[in-house]
Amino acid sequence: MKANPAGVLTGAHFLDGDQACCEGALAAGANFAAGYPITPSTEVVERFAARIPTVGGLFIQMEDELASSIAILGAAWAGKKVFTVTSGPGFSLMMEHIGLAAMTETPCVFVDVQRGGPSTGLPTLPGQADMMQARWGSHGDYETIALCPNSPQECFDLMIDAFNLAEQYRLPVLFMMDECVGHMTEKVVIPPADGIEIFPRRFTSLPPSEYKPFKPGADGVPEMVKAGDGYRFHITGLTHDEQGYPAMNWREQEKLVRRLVEKVRKNTDKIVRYEERDIEDAEVVVVAYGITSRVALRAIQMAREEGIRVGLLRPIVVWPFPEKHIRELSEKVKAFVVVEMNYGQMVYEVERCAAGKARTELVDHGGGTVHEPEDVLKAIREVAR
Amino acid sequence: MPEPPVSLARSRKHRGVVYIDWDRCKGCGFCVEFCPPKVLALAESYNAHGYHPPHLTNEQGCTGCDLCGLYCPDFAIYGVRVPVETTEAEVRANEG
Amino acid sequence: MSTLPMVEPAINPVEPFLRTDRMPHIWCPGCGIGTTVNCFARALVESKLNLDKVAIVSGIGCTGRVAGYMRLDSFHTTHGRAIPFATGLKLANPELSVVVYSGDGDLIAIGGNHFIHAARRNVDLKIICVNNFIYGMTGGQVAPTTPVGATATTTPYGCFERPFNLPYLAESSGAVYVARWTCFHVRHITRAMVEAFNKKGFSFIEIITPCPTLYLRRNKLGDSLDTMRYYKQKSVIKNGANTKEVEIALGGEIICGKFVDIERPTLGQSMNMQLSKSLGARYVAPGGR
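Now for a look at the structure at hand. Note that the structure is predicted; figures quoted are calculated from it, not measured. (Residues numbered from 1 in each chain as written. Chains lettered and ligands numbered in written order. Predicted model: local features only at pLDDT ≥ 70, side-chain atom pairs only at ≥ 80, totals over all residues.)

1. Topic: the overall build of chain B
Move 1: Within chain B, the secondary structure is distributed over 3 helices and 4 strands.
Move 2: The buried share of chain B, reckoned over its 96 residues, is 45%.
Move 3: Pairs at least 24 residues apart make up 62% of the contacts formed inside chain B by residues separated by at least 6 positions. (Helix = DSSP H or I, 4+ residues; strand = E, 2+ residues; numbered from the N terminus. Buried ≥ 20, exposed ≤ 12 C-beta atoms within 10 Å, placed from the backbone. Contact = placed C-beta atoms within 7 Å.)

2. Considerations on the environment of R202(A)
Residues and elements named next belong to chain A.
Move 1: Position of R202 among the secondary structure elements: in the loop between β9 (185-190) and β10 (234-236).
Move 2: With 16 C-beta atoms packed within 10 Å, R202 lands in the partly exposed category.
Move 3: Separated by 34 residues in the primary sequence, R202 and Q168 have C-alpha atoms spaced 7.7 Å apart.
Move 4: Those residues in contact with R202, other than ones at most four positions away along the chain, are E167, E223 and M224.

3. Comments concerning the packing of helix α1 (residues 17-28) of chain A against helix α2 (residues 42-55) of chain A
Residues and elements named next belong to chain A.
Move 1: At a minimum axis separation of 8 Å, α1 and α2 run at an interaxial angle of 35 degrees. Here α1 runs over α2; the crossing is right-handed. Contact residues: α1 offers D18, Q19, C21, C22, A25 and L26, while α2 offers E43, V44, R47, F48, R51 and V55.
Move 2: Partitioned by chemical class, the residues of the contact of α1 with α2 number 7 nonpolar, 1 polar and 4 charged. (Axes fitted to C-alpha atoms, helices over the stretch in contact; angles between N-to-C directions. Left-handed = near helix turned anticlockwise from the far one by under 90°. Nonpolar A, V, L, I, M, F, W, Y, C, P; charged D, E, K, R; others polar.)

4. Here we look at the nonpolar core
Soluble globular proteins tend to bury their nonpolar side chains together.
Move 1: Among the nonpolar cores identified, the biggest contains 240 residues, and V286(A), V337(A) and L89(C) are the most heavily contacted of them.
Move 2: A per-element tally of this core places helix α6 (residues 152-169) of chain A first, with 10 residues.
Move 3: Residues from two domains meet in this core; each of domain 1 (5-195) and domain 2 (274-384) of chain A gives at least three.
Move 4: Those residues in contact with L89(C), other than ones at most four positions away along the chain, are G74(A), A75(A), W77(A), A78(A), A227(A), A55(C), V57(C), L96(C) and V98(C). (Core = buried A, V, L, I, M, F, W, Y, C linked by C-beta atoms within 7 Å. Domains from an automatic or database assignment.)

5. Re the arrangement of the chains
Move 1: The assembly contains 2 pairs of chains in contact; the pair sharing the most contacts is chains A and C.
Move 2: Spatially, chain A is disjoint from chain B: no contact exists, and the shortest C-alpha separation is 20 Å.

6. With respect to the interface of chain A and chain C
How big an interface is tends to be stated in terms of the accessible area lost upon association of its parts.
Move 1: On the side of chain C, 36 residues touch chain A, which itself brings 42 residues to the contact.
Move 2: Where the side of chain A that touches chain C is concerned, the elements lending two or more residues are β2 (32-35), α2, β3 (58-61), α3 (65-76), α4 (88-104) and β10 of chain A.
Move 3: Counting residues per element, the side of chain A that touches chain C draws most heavily on α3(A), at 8 residues.
Move 4: For the side of chain A that touches chain C, a count of residues per class yields 24 nonpolar, 12 polar and 6 charged.
Move 5: Of the strand pairs in this sheet, β10(A) and strand β2 (residues 73-76) of chain C are connected by 3 bridges, and their pairing is parallel. Residue pairing for β2(C): H234(A) is matched across the bridge by S74(C). (Pairing = 2+ DSSP bridges.)

7. A few points about the sheet that holds strand β7 (residues 235-237) of chain C
Move 1: A sheet is described by the order of its strands in space; here 9 strands give the open sequence β10(A)-β2(C)-β1(C)-β3(C)-β4(C)-β6(C)-β5(C)-β8(C)-β7(C), paired in mixed fashion. The open sheet has two edge strands with one neighbour each: β10 of chain A together with β7 of chain C. Taken over all neighbouring pairs, the strand axes of this sheet differ in orientation by 15 degrees on average, direction set aside.
Move 2: Its contacts with the sheet put helix α1 (residues 33-47) of chain C on β1 (54-58), β4 (126-131) and β6 (203-208) of chain C, and the angle it makes with β4(C) is roughly 155 degrees.
Move 3: Seen against the sheet, helix α7 (residues 186-198) of chain C touches β3 (97-103), β4, β5 (177-182), β6 and β8 (254-261) of chain C and runs at an angle of roughly 160 degrees to β5(C).

This is the structure:
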C-alpha cells in the first residue's frame, strides 16, 4: 500500500541524518515513539515530538531507556507503528526488550546512532562498535534484521525499509546509524506519498475462536492482532506455544525458537542487501558500512589510480550478514580489506565466510573520528602485493 | 466432573447451595474459617492430590452468600443464593 | 438424596474470566493471589466494563502469572516493566481499561522508577499490587516491603532495611486513588477495584497477602489460615488516614482503608490539553490512525 501523505514531507530538503531518520519514520507511518535523551540520537525524537502532533500520533519521553523500549511494545500491541531511538549506553539498556520484541514477535524499530564506546565513551563522536551487539546483544537465541545507512538520504529511505521489514517478519529491526551520518547535513529528497511503498501490518481476519498469535503462516510468520478487538489473546516472554500460553519444555523451545531464528535465516536471500562498486575485475574487495564506506570509496579511488584492481562491497543490510555473497567473492578475489570504526567486529563475519579462501585484513579505528583514506590505501596496497 | 452435591432444605429458612470442585481444592481452610453460618468443614476423605476438600455440615444453614467463593484461592467452591419463593414452592410441592 | 427438584447449576462467578484450559494454576495451597483474582472477577462484573476493552498487564513473579490465567487481552512482560508497557498500551488506545496486576518486588523494586513516574504523570492505570513481603517465585528473597527483622534467603539473619510504606510512596508520587486492604477484606477489595475501574487516573490498591511457603514458613508465622486470622485481628480500618503513618512492622497492626481519592487530569488529558492549546487547529489528536 502507499504511504499516508500526512507524514510525508515531500520535497528536497537539507537535513542531517537524525532529522532524515525522523522523516523516514513519519513517511513510513510511525505514529508512536517513546525515547530518552542520549547524544547523538536525541534530535531524532526532538523532531518527532515537534512533528507528530500535527501529523497524528504521539511521542512520549519516558523516564529511561528501559521504559522507552517497552512502552513502544505496549503501543505496538495496541496497533501502533512504533520506534525508539538511542545510542550505545541506551542500546545496552534496551537489550532486554529487544529480546522481548523478538520473542513476542512484535514489529518495531530500534535506532542506534552509534558513538564512541565502551561505556560513556565519546558521546559526541562517531563509532561503529555496537555492530556485534546488534546481533548478539540480548540473551538467548534470536535473529534480528539490522540496516546501516551511509548518508542522510539513506537515513530516510532505509527507515521506510526498516518498518516494512518489521511488519513483514514481525520482529524488531535495528537501524544502525553512526554519529557522523547522524550529524552530517546533506540533500534529502522526499518523494510524494504515492511514491512510497508501505508493507501494511498483517492483521488477522480469523475470528477470535480460531486465531492463534504464534501460529505461523507459510512464510514462518504469524498474523498480528491488537488489544481491544475481542481476541483475548496472551503475550508472554516465556517460551510459549502457538496459543501464546507459557509452555516451558524443550519441545516447545525447539519449535518456537527454531522458527524465530529461521524466520530470518530462511529468508536471508530476500532480506540481504548490499552495494557494490568496481567489483567486476577486483582482486581486492574493501568491505565497509556506514560512514566508513565513504572514506573507503576515496581510498579505492586512490588505489585505482595506482593501478590496483580494488572494489567496494557495502552491506546495507548488515544482519543477516551477506554470507553467500562473501563466499562467492572469496572464490574470485585475493583478499578482503575490512574497514570499520571499531577494533574488529564485522571482520570476523567476513573472515568466517571467506573460510580461508581469501585473505582478510582489518583496518581498525577506535572511533572519535573517521579513518584516514591513507590508512585504508596502505592496507589495500599490502594485500594487493 | 461428577455431579456436585446439591442440597435443598426442607425449611423455609434455607437460602443457598454450594458447589465444590473436588479436585481443584488444596485444603487451605479459608472457606471453613470465613463461612458466616459456619456450615462448612473439611471432609474426612481426600482428593487425588491428597487434600481434604470441604463439605456442607448443615445443608439447611447455607445462606448462599458466596463468601466461600470469594475467599477460595483455587476457585474450587462457590455459593449460590436460592430464591426463597422457589424454596417455598418446592416445599409445598413436596408436602402436597 | 432429596426428592426436591435440583437448582439450575450455576457457574462459579470467576469461571468466565479464567482461561480454564490453563487450570489448575501454579500458586501454592493457601496463597492469597487466587483470592484477589476472585475479587477482580467480581469487580469486573460489577463495574460492567466491556471486557473486550480490558487489558491486563503483569510483570514477573507469582502475581505476575495472573495475566496468563485471565481470559482478557493479557500481557506477561519483563520484570519491573509492566507499568511502562501499560503506559504505551493506554496512550496508544485510550479506550482500553488497563490493569497492571503484579507483586511488590516487581512493581516497587525493579519497577520502582516506573511506578513513581507513572504516578507523577497520572497515567490512567489501575495498579493491583499484591504485597506478600517477599520475592516468592524465586524462592523467598528479601523485598523492599519486607519488615525489619524478618528472615529471607538473602537476609538470613533478619532484614535490616527499612521497608517502603507503599501507600505513602504512591500518594507522594501523585496517585489519585490509594487504598490498602488485606486478603481477609474480600468485599472491600472488590469495592476498591470497582472504584479504581471507574476512576480516571493512576489508581493504586495494595493487597496484603499471605505467602505460606516462603515468607510465613521462614518466619514461623504459621500457615495461611493463621495469617488470615492475624489480618482479621490486627487490621484497623482507617479511611482517609495519613499515609505517612501506615507503615507495617513485623507482626504489627495493619492500617487498611481508602486513603486517597482525588481528581486531577490524566496524562492523556494533560497531553491533549497542552497540545491543543499550543497548536490550536493544527493539532491532530492521536486517535485516528
